[in-house]
Structure formats: C-alpha cells, structure tokens
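Each chain, written out:
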Amino acid sequence: MVKKFTNKEVATLLRNVSAAHQVKGENYFQIRAYDLAADAVEHASSDIRAIWETGQLDQIPGIGSNIANYIDELFTTGKVRHFEGFFKNVPTSMFDLLKISGVGPKTAYKLAKAGVKNVPDLEEKIKEKLLEEEFSEKSLRNILQGIGELKRKSDRILLPVAGEVAKKVLEYLKRHKDVVAADSLGSLRRKVATVGDVDLSVASDNPKAVIEHFTKFPSKERVVEAGGRTATIAVRDGIHVDLMVQPPQHYGSLLHHFTGSKAHNIHMRSLAREKGYSISEYGIKELKTDKVRPCQTEDEVYSLFEMQTPPPELREDTGEIEAALKNKLPGLVELSDIKGDLHTHSFWSDGQDSIEDMAKAAASLGREYIALTDHSYPSLKFDQRLKEIEQFNYSQDKIRVISGLEVNINANSTLQVPDEILAKHDIIFVSIHTSFRQPKKEMTNRILKALENPHVDVFAHPTGRLLLEREGINADWGKIFRRAGELGKFLEIDGYPNRLDLPDNLVREAKEFGVRFTVDTDSHQINHLTLMEYGISVARRGWADKGDIINSLPYAKLKDILEI
C-alpha cells in the first residue's frame, strides 16, 4: 500500500531536493523552482493529495509541469526515482540539520561530512568541542542558539494556514439548513500569529444533524470523536478541527466565553462578580436568584457592564476592557480600507510572475496601486526593469505600478546597492536578510544607520522572525521606533504566512512613538496577494486604525507622502 503523504512531508521532500541541488552547485533557477513549489504545497489551503486526485496539480501557482509529474509519481508509487538518484551522493543526515535556524544546505552538508548524524548528535559534538577544527567558535555558537530555538518550537499552526482551513469548514457548515451562525473561536478568532487546533462554533437547535454534517466534511482524514454537541475531525497534515454546537439563544455567551484569552476572561468574571453575576458559555447568572439570562449575541454580554464590545483581536486584557468601559476603543483598520500593496516581488528577482501579471491580479482584487519591490541583487538590470514598469503604466489606467526595491542592510550597516540606484525608484524598503545574530547594540546601530539614508522609506519585516522556524533579531526597539518617528520613516507589517512581522505588541509600542505603517503581503506570486487580511489582523491586534496605515490612502495622497 502506497503511503499517504501530507502537505508538510511533500514540502519537506521538495526542500531537500533544493538543498541537494545547492550543495551540488546546480542551476539557480532549478533550485528556486523547488523552493517555490515547496512553499506552494506547504501553504496550500487544501490537501495536496486531494488536489492531485482531481488532476489539478498544474493549477497550483508555483508547481510547474516537471514537479507536478514528480508529485504524481510520489503519490502513485511512494517514491520518485529521479530524486532517489539525485540523493545518492549526498549524506542524508544533512537534511535533518536543515531544521536548525541559520543552518543552510552548504553548512548542513559540511556538518554531515564531518560525521554529524542528527540534531542531538550535533549538539553533543559542539559541547564536546569536536567540531572546532572545521568551524569557527562564532559559527558553532550560532548553531547552538539555533538548536535552542528548534527545541522551543511547538506543534502550533501558522495563522494563515489555520485560517484557510477554517474558512473551508465554516463555508461547508453554513450550507446546512439547521446552522443559524458559524464562527471561529479562541486564538484563531483573536487572530494570534500561531494557533493550536482549529476551534469552531455553530448556533443551532438541531445539534445532532449539525454534528453528523460536520463529520462528513469531504476533506477530512478521519473522525477523531463525535458527541451530542461537540465533535473533532482531522484534516490535512493532521490538523484537528473542533466543533461546539450551542442553541441560538445561548450563542453569544459561547462566543464570549471561548474567544477571549484566559486573562481577558478572568478580568470579565471579576467585573461580573462585582455586579452580582457570574458568566459562562451558557449565559449570565444572577448570583442572588440563580436565574440565568441567555445571551444570543456578544453585545448582550458586554452591555451588562455598560461597555463597548471589544473586537476579538483585542481580547488579551491589555487595556481593552478599561477602554471599552470608557467608550474609548479604537476604530480598528479594516481590510476594505486598503487601497494598495506596497511590498511584492516579480520574476525580476525571486518572484514567480511578471510585473504585468502581478499588477493585473492586484487590480482584480480592487487595488488602486501596487509597488513592485524586487530584491536589489547587484545583478538586477535596474534600468531595464524601470522601463518595463513605466511602459506598463503608460499602457493602461486600471492600476498604478510603483517602482520599488527591497534592499538588504549589510552586516557592516551599508546598503546592498548605492544611492544612485535607490534614487531612481519611488519607494525603498530596507530589511535584514543576513547576520541575524549580531549583538543588540550592533544590530540597533545597523538599523538606525539604514533609516538615516534619505532614500529609505520603509523598514520591512523588522524583527526578521520566521514563525516556527527562526526567532527575531535582538534590537533596542524603543530607540528604533523613536528615530523612525523623528525621521518620518514607516514600518512594515508583513502579511506573509511565516512572518506576520512587525509583531502586534511591537506595532502597539511603535504607535506610541507616532510611527505609521504599511500593511503588505510580501507576495512572490499572484496567489499571495490575498494574504493582506492576515497583515491586517496583526495591525488590528496592535490597535492600529486606518490613519496609522499609509496604504489606506488613495494614490493621489500616497504619492505626496512618498514624494513620487
């Protein structure tokens, strides 16, 4: 019987092929093709095997015909002969080491050739000083730090992955005639960057029928359990989806009880006791009489305390209850406020699609403008690319393409390309892509110097974190935010699935210094352009309103800010 591979397993296999290509010095475009395919599989909202079974692999952006054929062979036979042949002269132990943040294919290969068998063996060899002849002390120290990060990783799920799963299940649930309402719960509803299981709720007077419908979800792998009002199914990659069904008259109480963080709920229960009530998922009970008041909506729960209903994203007990009691909750930014996307990539650097295709896809989403901010590789044909953007803008009037670059801040605090190249572009993002382990003071000065450059507009994905993969840089954020505010520089909130960076707590801190933001997708292909909603969720959790986000402005006003 052929093994059933999960999305994660297929993505890992493709990344291993890419790594093998790199250590063998193969063609860059082949390497990039496997990396793009791995990203496409890992971030697919559906089970890749189910897509394969319908014969639609070639419709997934990022998977070309050759790789589609390899995946077809994998699902049909359980192996890919081409891959097996390619792996023959590569030590397989190197692939386990790639899980460590900061260890790339060439380092992993060198470690494996030095006799390292796996991550625990590597940690032991470093601590016993058995690798100091082949590697510098600094390199080994950074690898140990990466191993520490790996140990702290959990089985949590990236918000966009969980969010896309929830959308499909909720859409399916709402088709049933007995479903009055259906929503997400818990950390997923609060839009936390990573979540545990996917928790959902339904309002219905017929829980038995709803549970039966839920357990027949077409893309389920198995039913974990099913009861009278609750059930759990496993979907792609073993993700668990939990469902709770509540009568409509108690549904608001259920939403309230299972949305707020533990701290938020404790604070709310304390307020209730002060007024002589207790609150639960079943309603509000008057302690003197034991009479339970059902709440069909969350507004009914919060109105008991003469307060506003805090948006789910704010329910962390970080001041939202106090603000709601004073009727001073912020009017948070909405996805519908966004007029354009200011951080995207085309095939001029490491993207998959052309400038024209990216622009047309953005226009179809209702965007008024899009900035193409390809990486400023020294080999990039800057003038030729600028000319293509100019010609596209002259050829149509549906969307404005803004010429931009994403420029690496080098370890020595210089920028990747000279000022004369930066000056030719309308918007410049700077970011950290190398030397993530610099000491705090050195890293802070590195960023500050980049922000001082008059051509620089935005600091992109500021912490450099990769969720569940790599922790962020160590920097003096207060000093950076203060200087960014003084200089009128913007900070990015990156909506890409494993970034969601700037983190929400730092968004709120930066606001205190008067800093404004861009919310972007960091798209590397056209189907990434829909990720904007997840960047917006971070902005909302950071208490950002429409006025805090510069790409909520129409192009006529944005160009004045950017001095285009």
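Enquirer: Could you give an account of the overall build of the chain, naming the residues involved and the relevant values?
Expert: Along the backbone of the chain there are 24 helices and 17 strands. A globule of 564 residues ought to have a C-alpha radius of gyration of about 24 Å, and the chain, at 25 Å, matches this closely. Here the C-alpha coordinates of the chain stretch approximately 75 × 65 × 55 Å along the principal axes. The proportion of buried residues among the 564 residues of the chain is 54%. A separation threshold of at least 6 residues defines the contact pool for the chain, and within that pool the share at least 24 residues apart is 68%. Surface accessibility of the chain: about 25400 Å² in total, with carbon and sulfur atoms responsible for 48%.

Enquirer: So what's going on with the pattern of salt bridges? Residues and values would help.
Expert: On inspection of all chains with the given rule, the structure shows 27 salt bridges. Its salt-bridge partner being arginine 175, residue glutamate 171 comes within 3.9 Å of it at the nearest N-O pair. Three or more residues are tied together by salt bridges with common partners; here these are Arg190, Glu316, Asp504 and Arg541.

Enquirer: Tell me what's going on with the environment of lysine 106, and back it up with residues and numbers.
Expert: Structurally, the position occupied by lysine 106 is in helix α7 (residues 105-113). Owing to a relative accessible area of 61%, lysine 106 belongs among the exposed residues under this scheme. On a C-alpha basis, the gap between lysine 106 and proline 503 in space is 31 Å, while along the polypeptide they are 397 residues apart. Aside from chain neighbours lying at most four places away, what touches lysine 106 is Gln22 and Val23.

Enquirer: Requested: an account of the environment of histidine 455, with residues and values cited.
Expert: Relative to the helices and strands, histidine 455 is located in the loop between α20 (440-452) and β15 (458-459). Among the residues examined, histidine 455 registers a relative accessible area of 26% and is labelled partly exposed. Expressed as a C-alpha distance, the spacing of histidine 455 and glycine 25, which sit 430 residues apart in the sequence, is 36 Å. Once residues lying within four places of it in the same chain are set aside, the contact partners of histidine 455 are Asp419, Leu422, Ala423 and Ile428.

Enquirer: How would you summarise the pairing of strand β8 (residues 277-280) if you had to cite specific residues and measurements?
Expert: Of the two faces of β8, the one lined by Tyr277 and Ile279 is fully buried and the one lined by Ser278 and Ser280 carries no buried residue. Bridging between β8 and strand β9 (residues 283-286) involves 4 bridges; their strand directions are antiparallel. Residue serine 280 lies in a different strand from β9, and its bridge partner there is glycine 283. Counted along the chain from β8 to the antiparallel partner β9, the turn is 2 residues long.

Enquirer: Can you break down the sheet that holds strand β2 (residues 181-184) residue by residue, with the values?
Expert: Taken in spatial order, the 5 strands line up as β2-β4-β7-β6-β5 in an open sheet, and their pairing is mixed. Here the strands that pair on one side only, and so sit at the sheet edges, are β2 and β5 (222-226). Between one strand axis and the next, the sheet turns through 20 degrees on average, direction left out of account. Pairing between strand β6 (residues 230-234) and strand β7 (residues 240-246): 5 bridges, direction antiparallel. From the neighbouring strand, isoleucine 233 faces β7, where its bridge partner is valine 241. Packed on one face of the sheet, helix α10 (residues 159-173) meets β2, β4 (198-203) and β7 and runs near 25 degrees to β4.

Enquirer: So what's going on with the packing of helix α2 (residues 28-42) against helix α4 (residues 65-77)? Which residues, and what values?
Expert: Two elements in contact, α2 and α4, have axes separated by 10 Å at closest approach and are oriented at 60 degrees. Of the possible angle classes, the one that applies to α2 and α4 is oblique. Both α2 and α4 take part in a crossing whose hand is right-handed. On the side of α2, the interface is formed by Ala33, Tyr34, Ala37 and Val41, while α4 contributes Ile67, Tyr70 and Ile71. A class-by-class count of the residues in the contact of α2 with α4 yields 7 nonpolar, no polar and no charged.

Enquirer: Which residues make up the environment of lysine 151, and what values do they have?
Expert: Take lysine 151: it is sitting in helix α9 (residues 137-152). By relative accessible area, which is 57% here, lysine 151 ends up exposed. When the C-alpha atoms of lysine 151 and threonine 444 are compared, they prove to be 27 Å apart, with 293 residues separating the residues in sequence.

Enquirer: Talk me through the packing of helix α1 (residues 7-23) against α2; I want residue IDs and the actual numbers.
Expert: The geometry of α1 relative to α2 is characterised by a closest axis approach of 8 Å and an angle of 165 degrees between their N-to-C directions. The pairing of α1 with α2 is recorded here as roughly antiparallel in orientation. Of the two elements, α1 crosses α2, and the hand of that crossing is left-handed. In this structure, α1 uses Asn7, Val10, Ala11, Leu14, Arg15, Val17, Ser18, His21 and Gln22 to contact α2, whose residues at the interface are Gln30, Ile31, Tyr34, Asp35, Ala37, Ala38, Asp39, Val41 and Glu42. Of the residues belonging to the contact of α1 with α2, the class tally is 9 nonpolar, 5 polar and 4 charged.

Enquirer: Break down α7 for me, with residues and values.
Expert: Restricting attention to buried positions, one finds in α7 the residues Pro105, Ala108, Leu111 and Ala112. Take α7 and look down its axis: the buried residues cluster within an arc of 125 degrees, on one side only. Relative to its buried face, α7 has exposed residues pointing more than 90 degrees away, namely Lys106 and Lys113. Backbone geometry just after α7 places glycine 115 at a positive phi near 100 degrees.

Enquirer: So what's going on with the packing of aromatic side chains? Residues and values would help.
Expert: For the structure on display, the rule yields 8 aromatic pairs. Judged by centre distance (5.4 Å) and plane angle (70 degrees), the ring pair of tyrosine 172 and phenylalanine 217 falls under edge-to-face. Pair noted here: tyrosine 172 is in helix α10 and phenylalanine 217 is in the loop between α12 (207-214) and β5, with a separation of 45 residues, a long-range link. Overall, the relative accessible area of 9% leaves tyrosine 172 in the buried class. A relative accessible area of 8% means that phenylalanine 217 is categorised as buried. Arranged with centres 6.4 Å apart and planes meeting at 55 degrees, the rings of phenylalanine 481 and phenylalanine 513 form a pair that is tilted.

Enquirer: Before we move on, can you summarise α4 with the specific residues and values?
Expert: The end-to-end C-alpha distance of α4 is 18 Å, a good match for the 18 Å that 13 residues give at a rise of 1.5 Å each. Listed in full, the buried residues belonging to α4 are Ile67, Ala68, Ile71, Glu73, Leu74 and Phe75. At its buried positions, α4 is contacted by α1, α2, α3 (48-53) and α5 (81-87). Where α4 ends, the next residue or the one after it, glycine 78, has phi of about 90 degrees, a positive value.

Enquirer: Residues and numbers for unusual backbone geometry, please.
Expert: Glycine aside, a negative phi is what most residues show, and trans is what most peptide bonds show. A positive phi angle is found at aspartate 317, which is not glycine, with a value near 60 degrees. Among the structural elements, aspartate 317 can be located in the loop between α15 (298-303) and α16 (320-325). When its relative accessible area of 28% is taken as the criterion, aspartate 317 is described as partly exposed.

About the criteria used
- Residues numbered from 1 in each chain as written.
- Predicted model: local features only at pLDDT ≥ 70, side-chain atom pairs only at ≥ 80, totals over all residues.
- Heavy atoms only, no water.
- Helix = DSSP H or I, 4+ residues; strand = E, 2+ residues; numbered from the N terminus.
- Rg over C-alpha atoms; globule rule 2.2 N^0.38 Å.
- Buried < 20%, exposed > 50% of the residue type's maximum accessible area, 1.4 Å probe, protein only.
- Contact = heavy atoms within 4.5 Å.
- Areas by Shrake-Rupley, 256 points an atom, 1.4 Å probe, with all protein chains shown as cover.
- Salt bridge = Lys/Arg side-chain N within 4 Å of Asp/Glu carboxyl O.
- Pairing = 2+ DSSP bridges.
- Axes fitted to C-alpha atoms, helices over the stretch in contact; angles between N-to-C directions.
- Parallel < 35°, antiparallel > 145°, perpendicular 65-115°, else oblique.
- Left-handed = near helix turned anticlockwise from the far one by under 90°.
- Nonpolar A, V, L, I, M, F, W, Y, C, P; charged D, E, K, R; others polar.
- Arc of directions from axis to C-beta.
- Phe/Tyr/Trp six-rings, centres within 6.5 Å; stacked < 30°, edge-to-face > 60°.
- Expected span 1.5 Å × (residues − 1).

Interpretation in functional terms is not warranted from these geometric data alone.
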